[in-house]
Amino acid sequence: MRLVLHVWRQRGPDAAGRFVTYPATDVSPDMSFLEMLDVVNEGLILKGEEPIAFDHDCREGICGACGMVINGRPHGPRERTTTCQLHMRSFRDGDELWIEPWRARAFPVLRDLIVDRGALDRIIAAGGYISAPIGSAPDANAIPVRKENADLAMDAAQCIGCGACVAACPNASAMLFTAAKISHLGLLPQGQPERFERARAMVERMDDEGFGSCTNHEECEAACPKGISVAFIARMNADFVKARLTEGRRVAKVGEGGA
């Protein structure tokens, strides 16, 4: 296969970026997309040029590091597929591919196709954990969990934090990511003591990071390589509203006590 790549090149966060065109020749249909970029980079290095910088780690569709937009679609044209698991047989000989980084204010470009996704880590740090003392690890099946809740928690836990939902959303919203992380813990018994405070803290942190609001385009679910449902956003919103109402009643009681 022969392809023409239009790749976003940017030296740093404060530098101006632009698309640069590269030919990709002798591409095997069995290559993954990242393996194809590896071959292109080998050619650039041999010519004394700067290789294309891109994120990757496990290359098994697990870690979410391989985020990039291909022809306008996060992770490329195949549904439920990460970039590292996208094979070149998904394209045709002679295709032109436009490759660029995630586009969101909360994801500043570090270099070429690499963005800083630390904002997602800070959302997790705001409340995506269980700090309530729950004792040592219980025996298997010691804590009853309804099957539907266990299944939903597992569905939410599939989120790999790649940021495709943010890149696909017209508002650059991180609602699907945040909802998955909140719902995963909120559906399990161990997560109940901090359930509503977790929702409040994480949603407020998401807003502070500069992500946009959800306006129900549902592009996030369509782009998610794990197919996480937007129904989790509704669950998160319900928990957030309950948290704010509870907080309001608590403040009112404190005021009455002081009077």
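A. Focus on the pairing of strand 1 (residues 3-9). Within strand 1, six of the seven residues are buried, which leaves the element mostly enclosed by the surrounding structure. Both strand 1 and strand 2 (residues 18-24) contribute to a ladder of seven bridges, which runs antiparallel. Note on strand 2: the bridge partner recorded for Val7 is Val20. Looking at chain direction, strand 1 and strand 5 (residues 96-100) are connected through four bridges and run parallel. When the bridges of strand 5 are listed, Leu5 appears paired with Leu97.

B. Spatial organisation of the pattern of salt bridges. Taken as a whole, this structure holds 16 salt bridges when the rule is applied. Of the charged contacts in the structure, one is a salt bridge between Glu194 and Arg198, with a shortest N-O distance of 3.9 Å. Residue Arg195 is joined to Asp239 by a salt bridge in which the shortest nitrogen-to-oxygen separation is 3.0 Å. You can see Arg195 sitting in helix 6 (residues 195-208) and its partner Asp239 sitting in helix 8 (residues 231-258), a full 44 residues away along the chain. For the pair shown, Arg195 and Asp239 are each scored as buried. Among the ionic contacts, a cluster of salt bridges with common partners joins Glu197, Arg200, Glu204 and Arg244.

C. Representation of the packing of helix 2 (residues 118-125) against helix 5 (residues 175-186) in the model. Interhelical geometry of helix 2 versus helix 5 gives an angle of 30 degrees and a closest axis separation of 11 Å. Accordingly, the angle class assigned to the pair helix 2 and helix 5 is roughly parallel. The two elements helix 2 and helix 5 cross, and the hand of that crossing is right-handed. Taken together, the residues of helix 5 that come into contact with helix 2 (itself represented by Leu120, Ile123 and Ile124) are Phe177, Thr178 and Lys181. Residues belonging to the contact of helix 2 with helix 5 are distributed by class as follows: four nonpolar, one polar and one charged.

D. Region of interest: the sheet that holds strand 4 (residues 73-74). Read across the sheet, five strands follow the order 2-1-5-3-4 without closing on themselves; strand pairing throughout is mixed. Whereas interior strands pair on both sides, the edge strands pair on one side only; in this sheet they are strand 2 and strand 4. Both strand 3 (residues 69-70) and strand 4 contribute to a ladder of two bridges, which runs antiparallel. Each residue of the ladder has a partner; that of Val69, found in strand 4, is Pro74. Sheet strands touched by helix 1 (residues 33-46): strand 1, strand 2, strand 3 and strand 5. Its angle to strand 1, the strand with the most contacts, is close to 80 degrees.

E. Summary view of the packing of aromatic side chains. Summed over the entire model, instances satisfying the criterion amount to four aromatic pairs. With a centroid separation of 5.2 Å and 80 degrees between ring planes, the pair formed by Trp8 and Phe19 is classed as edge-to-face. Placement of Trp8 in strand 1 and of Phe19 in strand 2 is noted, with a sequence separation of 11 residues between them. A relative accessible area of 31% places Phe19 in the partly exposed class. For the pair Phe19 and Trp98, a centre-to-centre distance of 5.2 Å together with 80 degrees between the ring planes defines the contact as edge-to-face. With Phe19 in strand 2 and Trp98 in strand 5, the pair connects residues that are 79 residues apart, well separated along the chain.

Cut-offs applied
- Residues numbered from 1 in each chain as written.
- Predicted model: local features only at pLDDT ≥ 70, side-chain atom pairs only at ≥ 80, totals over all residues.
- Heavy atoms only, no water.
- Buried < 20%, exposed > 50% of the residue type's maximum accessible area, 1.4 Å probe, protein only.
- Helix = DSSP H or I, 4+ residues; strand = E, 2+ residues; numbered from the N terminus.
- Pairing = 2+ DSSP bridges.
- Salt bridge = Lys/Arg side-chain N within 4 Å of Asp/Glu carboxyl O.
- Axes fitted to C-alpha atoms, helices over the stretch in contact; angles between N-to-C directions.
- Parallel < 35°, antiparallel > 145°, perpendicular 65-115°, else oblique.
- Left-handed = near helix turned anticlockwise from the far one by under 90°.
- Contact = heavy atoms within 4.5 Å.
- Nonpolar A, V, L, I, M, F, W, Y, C, P; charged D, E, K, R; others polar.
- Phe/Tyr/Trp six-rings, centres within 6.5 Å; stacked < 30°, edge-to-face > 60°.

In short, shape yes, function no, at least from these values alone.
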